[in-house]
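Survey of secondary and tertiary structure
Below are the chains, spelled out letter by letter.
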Amino acid sequence: MTNGDQHNRTRFLNLAMIAVFDIAGPLVAYSLLRSAGQSAVTALILSGALPALGVAASLIRHRRADTIGILVLAGIAVGTVVGLLSGDPRLVLVEGSVPTAVFGLLCLGSLWARRPLIYRFAVEFIGADTSKGREFESLWQYPGFRHAFRLYTVVWGVAYLAEAAARIIIVETTSTGTALTVSKVMPYVVAAAIIAWMIAHGRHARREGERLAAEAQAAAAAAGAAPEPAGSVSSR
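Residues numbered from 1 in each chain as written. Predicted model: local features only at pLDDT ≥ 70, side-chain atom pairs only at ≥ 80, totals over all residues. Heavy atoms only, no water.

Following the sequence through the fold, Gly48 ends up in the loop between helix H2 (40–47) and helix H3 (49–62). C-alpha of Gly48 to C-alpha of Leu93: the two residues are 45 residues apart in sequence and 9.7 Å apart in space. (Helix = DSSP H or I, 4+ residues; strand = E, 2+ residues; numbered from the N terminus.)

Take the nonpolar core next. Core analysis: the biggest nonpolar cluster contains 33 residues, and Phe103, Ile118, Tyr119, Phe136, Phe149, Trp156 and Tyr160 have the highest contact counts within it. Among the elements of the structure, helix H1 (3–35), H2, helix H5 (89–94), helix H6 (97–109), helix H7 (117–126), helix H9 (143–173) and helix H10 (176–225) are those that each provide at least two residues to this core. Sorting elements by how many residues they give to this core places H9 first, with eight residues. With sequence-adjacent residues up to four places away left out, Trp156 is seen in contact with Phe103, Cys107, Ile118, Ala191, Ile194, Ile195 and Met198. (Core = buried A, V, L, I, M, F, W, Y, C linked by side-chain atoms within 4.5 Å. Buried < 20%, exposed > 50% of the residue type's maximum accessible area, 1.4 Å probe, protein only. Contact = heavy atoms within 4.5 Å.)

It is worth spelling out the pattern of salt bridges at this point. One pass over the full model with this rule turns up one salt bridge. Note that Glu163 and Arg167 form a salt bridge whose closest N and O atoms lie 3.0 Å from each other. With Glu163 and Arg167 both in helix H9 and four residues apart, this pair spans about one turn of that helix. Looking at Glu163, the relative accessible area reads 3%, which means it is buried. (Salt bridge = Lys/Arg side-chain N within 4 Å of Asp/Glu carboxyl O.)

Counted under the stated rule, the structure contains 13 aromatic pairs. Taking 5.0 Å as the distance between ring centres and 45° as the angle between the ring planes, the aromatic pair formed by Phe145 and Phe149 counts as tilted. Of the two residues, Phe145 and Phe149 both sit in helix H9, four residues apart, roughly one turn of that helix. For the pair Phe149 and Tyr152, a centre-to-centre distance of 5.2 Å together with 75° between the ring planes defines the contact as edge-to-face. (Phe/Tyr/Trp six-rings, centres within 6.5 Å; stacked < 30°, edge-to-face > 60°.)

Dropping the structure here:
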């Protein structure tokens, strides 16, 4: 199997796990449990076990814990406890806003660290021990690169705080089924929108850098080719 085939297989597996454990699975489980006569709280708690299983499977497959997975498990645990104690399905749904808000705060808080959180995630995604990862880390020396990743971190932080607030409003103003659907789909819509913006921003910044470099090179060439002013010829 080639590296490309392996990469496509891994991507397909990741998408399949998201579809089964994070989106379609919980929605189908909730609908079936409600049809079977279970209360909204019970159906939400039991359907929430699927995302927890997905996180656990990912931890076992990669043999390491990650920040997002830990936050998701913490949110599910909080929602389960609150739901059991209160009997209010809306409080169970609000749990999804907890890891989202925490992640947003972590992003903004990391701006005071030596490396912002989104940069650290990018290094982890590329692989710090690979040639591409080492090349990527070497770019940190450039001010424009550092500015870009601090900007990306701000955008992720603000967007996730806004998403958490929006999900709470949706939970409080819509039905349980609608709020559950939105809470499962919205994170991926928001993440896809931010990633698309990052790609577009990166391409624009690269083109702008290439243009400035070309202008600087042309200006240097023109200065070198300029004739010497009159009277500057040295005496022989």
